[in-house]
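# Per-entry structural report
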Amino acid sequence: MKLNQSTRIVGINVILVPYREHHVLRLESHHLDFLKKSWVEDDDKCTFIILDKVVFEKTSNEIDAMVGDTNLYLNDPQDRSCAEIEIMIAEEHSRGKRFGWEAVILMLRYGIEQINLKSFLAKISMNNETSIRMFNKLGFEEVSKSSIFKEITLEKKVNDEWLRWLKSETLESKWYEDNELV
């Protein structure tokens, strides 16, 4: 997404950076072929690579620090106020460290504050109990199930109280518009 092409979001344990070509080789090693260069230019997709902040601060190397990605998809051209959110922690050794939790909260805030989103959907495999629990803890509620696709769709409408809570969970985060990233 053009909007986030120079945005860096620094949290307590993670750093979100826009997807770049130099991330491709690492992602391909995990057979993640769904990220394309066009995502940088597409106004319907917002993608951030999730970095382990500790590793990045030690190495200054994004590739070494990569643990996954988080995405927003504005799937309905008629409704630009709702987006589907996704999170993926690819590195097995990075799971269970709350990187996904923090990255999703940062992404939700970005969607609300920068894209003006009013609601979010999360489509999750029915057997991914960890993600379902996480999104339930974030206040998402089930709106549908698909036995054909074996997925559950959860939704969360934005309200002032929830936004205050998201901000309280990310008090130490900082957002940067980094011209070096362009």
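Summarised in this report is the structure supplied together with it.

The rules we used
Going along each chain's sequence as written, the residues are numbered from 1 onward. Totals for whole chains, interfaces and linings use every residue, but because this is a predicted model, local features are given only for residues with pLDDT of at least 70 and side-chain atom pairs only at 80 or more, for both listing and counting. The side-chain figures draw on all heavy atoms in the structure; neither hydrogens nor water molecules are used. Put simply, DSSP marks the helices as runs of H or I at least four residues long and the strands as runs of E at least two long, and each gets a number from the N terminus on. Every helix has an expected span of 1.5 Å times one less than the residues it contains. Buried means the residue's accessible area, taken with a 1.4 Å probe over protein chains only, is under 20% of the maximum for its type, while exposed means over 50%, and partly exposed covers the values in between. Note on pairing: two strands pair once DSSP finds at least 2 bridges between them. Whenever a helix is involved, its axis is fitted only over the stretch in contact; in every case the axis is a line through C-alpha atoms, and angles between N-to-C directions fall within 0 to 180 degrees. The contact definition used throughout considers only heavy atoms, calling two residues in contact when any of these lie within 4.5 Å. We count a salt bridge whenever a side-chain nitrogen from Lys or Arg sits within 4 Å of a carboxyl oxygen from Asp or Glu.

### What to know about helix α5 (residues 99-115)
Taking 1.5 Å of rise per residue, the 17 residues of α5 would be expected to cover 24 Å, and the 23 Å separating its terminal C-alpha atoms lies within 8% of that figure. Most of α5 sits inside the fold, with 15 of its 17 residues counted as buried. N116, located one to two residues past α5, shows a positive phi value of around 65 degrees.

### As for the sheet that holds strand β8 (residues 151-157)
Read from one edge of the open sheet, nine strands run β7-β8-β6-β5-β4-β3-β2-β1-β9, paired in mixed fashion. A single partner strand is all that each edge strand has here, and the edge strands are β7 (141-146) and β9 (174-177). For this sheet, the mean inter-axis angle between neighbouring strands, taken without regard to orientation, is 25 degrees. Here three bridges tie strand β5 (residues 82-89) to strand β6 (residues 119-125), and the two strands are oriented parallel to one another. Paired with E84 across the two strands is L121, which belongs to β6. Along the sheet, helix α6 (residues 129-137) makes contact with β5, β6 and β8, crossing β6 at roughly 160 degrees.

### Remarks on the environment of V143
Its place among the elements puts V143 in strand β7. For V143, a relative accessible area of 48% translates into the label partly exposed.

### A look at the pattern of salt bridges
Applying the stated criterion to the full structure yields five salt bridges. Notably, a salt bridge pairs E92 with R95, separated by 3.3 Å at the nearest N-O pair. With relative accessibility at 44%, the residue R95 sits in the partly exposed group. A salt bridge links E155 to K157; the shortest N-O distance between them is 3.2 Å.

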